[in-house]
Amino acid sequence: MDIIHTPSYEALSQEAASYIAKQVRTNPDIVLGLATGSTPTGMYKHLLEDHIIHKTSYENVTTFNLDEYIGLKKTDPNSYYTFMRKHLFQHINIKKDKIYIPDGLAGNLATECENYEENLKKNGPVDIQVLGLGENGHIGFNEPGTSFHSRTHIVELTESTRTANARFFPGFDDVPTHAITMGIASIMSAKEIILLVAGKNKAKAFEQLLYGEVSESFPASVLKKHPCVKIIADTSVLEESSIIA
Ligand code: F6R
């Protein structure tokens, strides 16, 4: 794993965005795997700036999002569909039919998972997969204990994940209990993975990722088995931990 330490969240966001924008310009029909949550919002802001300044085109880009809550309408302010629209898609020239986000309101959720995996196979592999890190080590919504062989599936969110995400909702009880997520094996199929780690609350998980063993009880540890992983971490993570940059 290649680790880049940045002096601030702003620098992390700039670093990630510059790298991705460059890859999009080099390979205009690139397939990107995208994450939601607080960590990548700065990166999306910089991608929008780059789109305006350097005219990086997304016309032939395909995107696959990691996950979506079950039970929220696309138009719900907290759906990941809305998140992606607001932070990226409505501002760039990406084609609607090249955007893939699991449908958390599909009539048959098991079929939705199978179709998502089919689409990944048909349009993939993902060239660059962006990930955030859960405080409990989750990647996507693959909670501790998820099989490393898992493909897109339905998950019950842990209390710790629902608590961590409650900040976006009116209250804890409004946070959906289930989600659809790409599985660990689906994520690992990407040619390259960029893991963004920001904020003091991620220090423990970051330490465990670096020094802990590879185990299904800490999903992110699987990344040590991937041949091409870049971790971009801001210094606030380091300040809280015993890691020396
Ligand atoms: C989001 C996702 C999650 C988040 C993780 C960190 O699509 O799959 O794994 O990346 O929960 O979330 P933040 O960035 O909000 O701390």
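Student: Hey, could you run me through the overall build of the chain in this one?
Tutor: Scanning the chain from terminus to terminus reveals eight helices and ten strands. For 245 residues, the compact-globule estimate of 2.2 N^0.38 gives 18 Å, and the C-alpha radius of gyration of the chain, at 17 Å, lies within 12% of that figure. With the principal axes as the frame, the chain shows a C-alpha extent of 45 × 40 × 35 Å. Looking at the 245 residues of the chain, the share that counts as buried comes to 56%. Of the contacts made within the chain by residues no fewer than 6 positions apart, 79% connect residues no fewer than 24 positions apart. The centroid of the 23 positive side-chain charges in the chain is displaced by 5 Å from the centroid of its 30 negative side-chain charges.

Student: Would you take a moment to explain the layout of surface pockets for this structure?
Tutor: Taken as a whole, the largest pocket spans an internal volume of roughly 490 Å³. Residue lining of the largest pocket: 28 residues in total, with Leu133, Gly134, His138, Asn165 and Lys202 positioned closest to the centre. It is helix H5 (residues 159-165) that contributes the most residues to the lining of the largest pocket, four residues altogether. Residue composition of the lining of the largest pocket, by class: ten nonpolar, 14 polar and four charged. Taken as a whole, the second largest pocket holds about 350 Å³ of empty space. In terms of lining residues, the second largest pocket is bounded by 17 residues, among which Lys74, Tyr81, Lys96, Ile99 and Ile101 are the most central.

Student: How do you make sense of the environment of Asp234 when you look at a structure like this?
Tutor: Within the secondary structure, Asp234 sits in strand S10 (residues 229-234). Judged by its relative accessible area of 4%, Asp234 falls in the buried class. Placed 229 residues apart in sequence, Asp234 and His5 show a C-alpha to C-alpha distance of 5.7 Å. Sequence-distant contacts of Asp234, that is, excluding residues within four places in its chain, are made with Thr6, Ser8, Tyr9, Leu12, Val197, Ala198 and Gly199. A polar atom in the side chain of Asp234 sits 2.7 Å from the side chain of Ser236.

Student: Any chance you could explain the pairing of S10 here in plain terms?
Tutor: A regular strand places its side chains on the two faces of the sheet in alternate fashion. Burial analysis of S10 places six of its six residues in the buried class, which makes it a mostly covered element. Burial along S10 is two-sided: the residues Val229, Ile231 and Ala233 and Lys230, Ile232 and Asp234 are all buried. As defined by bridge partners, strand S1 (residues 2-6) adjoins S10 across five bridges and the pair is classed as parallel. Across the sheet, the residue bridging to His5 is Ala233, located in S10. Taking the sense of rotation as the criterion, the β-α-β connection linking strand S9 (residues 192-197), helix H7 (residues 203-211) and S10 turns out right-handed.

Scoring rules and cut-offs
- Residues numbered from 1 in each chain as written.
- Predicted model: local features only at pLDDT ≥ 70, side-chain atom pairs only at ≥ 80, totals over all residues.
- Heavy atoms only, no water.
- Helix = DSSP H or I, 4+ residues; strand = E, 2+ residues; numbered from the N terminus.
- Rg over C-alpha atoms; globule rule 2.2 N^0.38 Å.
- Buried < 20%, exposed > 50% of the residue type's maximum accessible area, 1.4 Å probe, protein only.
- Contact = heavy atoms within 4.5 Å.
- Lys, Arg positive; Asp, Glu negative; His and termini not counted.
- Charge placed at Lys NZ, Arg CZ, Asp CG, Glu CD.
- 1 Å grid on protein atoms, 1.4 Å probe; cavity = no way out; pocket = protein on both sides within 12 Å on 5 of 7 lines; lining within 4 Å.
- Points joined across faces, edges and corners; volume = space filled by probe spheres on them.
- Nonpolar A, V, L, I, M, F, W, Y, C, P; charged D, E, K, R; others polar.
- Polar contact = N/O pair within 3.5 Å; in protein donor to acceptor, adjacent residues only side chain to side chain.
- Pairing = 2+ DSSP bridges.
- Right-handed = clockwise from strand over helix to strand, strands pointing away.

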